[in-house]
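Spelled out, the chains give:
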Amino acid sequence: MLIPLLTFAEVIQLDPITIEEKYPYTIENFETKGFLQQTSPSMYSPVLRGLQGDLIGIELEDVKINNSTFRSGPNQYFSWIPNEFVNYNVKNGSSIGQTVDADLSSNDEISFTYDSYNNGKTYLISNTYENIQIGVKFQETGMYNDIDHTSYNQKAMFIKNITNINEFTALYSSSKDVDRLDKFLQGKTYTYLDQDYLLLNDRLTLGNHKIGINYQRFIENIDDNGKYIPSTNNVYGANYKYTY
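Rules used throughout
- Residues numbered from 1 in each chain as written.
- Predicted model: local features only at pLDDT ≥ 70, side-chain atom pairs only at ≥ 80, totals over all residues.
- Heavy atoms only, no water.
- Salt bridge = Lys/Arg side-chain N within 4 Å of Asp/Glu carboxyl O.
- Buried < 20%, exposed > 50% of the residue type's maximum accessible area, 1.4 Å probe, protein only.
- Helix = DSSP H or I, 4+ residues; strand = E, 2+ residues; numbered from the N terminus.
- Polar contact = N/O pair within 3.5 Å; in protein donor to acceptor, adjacent residues only side chain to side chain.
- Core = buried A, V, L, I, M, F, W, Y, C linked by side-chain atoms within 4.5 Å.
- Contact = heavy atoms within 4.5 Å.
- Pairing = 2+ DSSP bridges.
- pLDDT = per-residue confidence, 0-100.
- Patch = residues over 30% accessible without salt bridge, like charges linked within 9 Å, V, L, I, M, F, W, Y side chains within 5 Å.
- Areas by Shrake-Rupley, 256 points an atom, 1.4 Å probe, with all protein chains shown as cover.
- Phe/Tyr/Trp six-rings, centres within 6.5 Å; stacked < 30°, edge-to-face > 60°.

1. Here we look at the pattern of salt bridges
For step 1, the next point in the chain: Following the criterion strictly, the structure yields 12 salt bridges and no others.
For step 2, the next point in the chain: Asp182 is the partner of Arg180 in a salt bridge, and the nearest nitrogen-oxygen pair spans 2.7 Å.
For step 3, the next point in the chain: Overall, Asp182 belongs to the partly exposed group, its relative accessible area being 35%.
For step 4, the next point in the chain: Put simply, Glu59, Glu61, Asp62, Lys91, Asp103, Lys160, Glu167 and Arg203 are held in one network by salt bridges that share partners.

2. Thoughts on the side chain of Gln216
For step 1, the next point in the chain: Within the secondary structure layout, Gln216 lies in strand E14 (residues 209–224).
For step 2, the next point in the chain: A polar atom in the side chain of Gln216 sits 3.1 Å from the backbone oxygen of Lys64.
For step 3, the next point in the chain: In this structure the side chain of Gln216 is engaged in a polar contact, spanning 2.7 Å, whose partner is the side chain of Tyr197.

3. Examining the nonpolar core
For step 1, the next point in the chain: One finds Leu60, Phe78, Ile81, Leu104, Leu171 and Tyr197 to be the most contacted residues of the largest nonpolar core, which totals 24 residues.
For step 2, the next point in the chain: Elements that contribute at least two residues to this core include exactly strand E3 (43–48), strand E4 (57–60), strand E6 (86–91), strand E7 (99–104), strand E11 (152–162) and strand E13 (190–206).
For step 3, the next point in the chain: Top element by residues in this core is E7. It accounts for 3 residues.
For step 4, the next point in the chain: Setting aside residues up to four positions removed in sequence, Leu60 forms contacts with Ile65, Ile81, Asp101, Ala102, Leu104, Leu171, Tyr197 and Leu199.

4. Structural notes on unusual backbone geometry
For step 1, the next point in the chain: Of note, the phi angle at Glu61 is positive, near 55°, even though the residue is not glycine.
For step 2, the next point in the chain: Among the secondary structure elements, Glu61 is positioned in the loop between E4 and strand E5 (63–64).
For step 3, the next point in the chain: Positive phi values are uncommon outside glycine, yet Glu130 reaches one of about 55°.
For step 4, the next point in the chain: Locating Glu130 in the fold gives a position in the loop between strand E9 (120–129) and strand E10 (132–141).
For step 5, the next point in the chain: For Glu130, a relative accessible area of 80% puts it in the exposed group.

5. Thoughts on the side chain of Gln195
For step 1, the next point in the chain: One can find Gln195 in strand E13.
For step 2, the next point in the chain: Among the residues examined, Gln195 registers a relative accessible area of 3% and is labelled buried.
For step 3, the next point in the chain: Residue contacts for Gln195: discarding those within four places in its chain leaves Trp80, Ser173, Ser174, Ser175, Ile219 and Glu220.

6. Quick word on the sheet that holds E4
For step 1, the next point in the chain: A sheet is described by the order of its strands in space; here 4 strands give the open sequence E5-E4-E7-E6, paired in mixed fashion. The open sheet has two edge strands, E5 and E6, and neither has a second partner.
For step 2, the next point in the chain: Two strands pair when backbone bridges link them, and E4 and E7 are joined in this way by 4 bridges, in the parallel orientation. Residue pairing for E7: Glu59 is matched across the bridge by Asp101.

7. Quick notes on the confidence of the model for the chain
For step 1, the next point in the chain: Averaged over every residue, the pLDDT of the chain is 82; residues scoring 70 or more account for 84%.
For step 2, the next point in the chain: Put simply, helix H1 (residues 8–12) is where the chain has its lowest mean pLDDT, 40, and strand E15 (residues 227–229) is where it has its highest, 97.
For step 3, the next point in the chain: Low pLDDT (under 50) marks residues 1–29, which in the prediction has 37 contacts with non-local residues, meaning those over four places away or in another chain.

8. Description of a nonpolar patch on the surface
For step 1, the next point in the chain: Taken together, the side chains of Ile165, Leu206, Ile211, Tyr240, Tyr242 and Tyr244 present a nonpolar region at the surface, about 710 Å² in accessible area.
For step 2, the next point in the chain: Among the secondary structure elements, Ile211 is positioned in strand E14.

9. Quick word on the packing of aromatic side chains
For step 1, the next point in the chain: As enumerated under the stated definition, the model contains 10 aromatic pairs in all.
For step 2, the next point in the chain: Between the aromatic rings of Phe78 and Tyr88, the centroid separation amounts to 5.8 Å while the plane-to-plane angle is 35°, which identifies the pairing as tilted. Of the two residues, Phe78 is situated in the loop between E5 and E6 and Tyr88 in strand E6; the sequence distance between them amounts to 10 residues.
For step 3, the next point in the chain: Relative accessible area serves as the criterion here: at 14%, Tyr88 is assigned to the buried category.
For step 4, the next point in the chain: Geometrically, the ring pair formed by Tyr215 and Tyr236 is tilted, given 5.1 Å between the ring centres and 40° between the ring planes.

See the structure below:
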């Protein structure tokens, strides 16, 4: 399918109606100015006003995930955040194309989904107990229409504890042995052996003072045509805000 091109004037004036008209095939439209593009089960990329990659900001619970050193194309790491636990918001930020913020919340549901075309199974538990929200997800899919190297899996869990002065959030997601079909079609091997993400975020409000501390761990181990490429990044953050 040909993707319609937008002029600069159209991009800066884009609104939800324009997006629906120009991009009727989009996966999930944000409430304003954007949508979530999916190119495979393990690759989600937010698009805002026709921009993506390092031109837009990506945050989870107000914690920044990407920066200007990320690739300019689709940012597949958004798939590490399970869609079933997320509400999306668009806000101004430090990036040209604004910022997508994913806010974790429970949907109060217990569900099981089966897809025959890929023998896919998804188990989902999401609930709220007083001031605590939890979510658990197990997803396992086989090959799409019996095409090799198209299987996918994800295990994820989050917990959020909200009190009058404090909000603590923890999220962990993991996928193992996910192949990139496009590389295999080129006669090569490219497998995400491990894709693990951990977020710990604590926000404290004391009167006019708001204090936040957070920790993120990214693990991505790859088999690139027989070459093992490990990668682990630990990121720490803190912020303080005084409101009048």
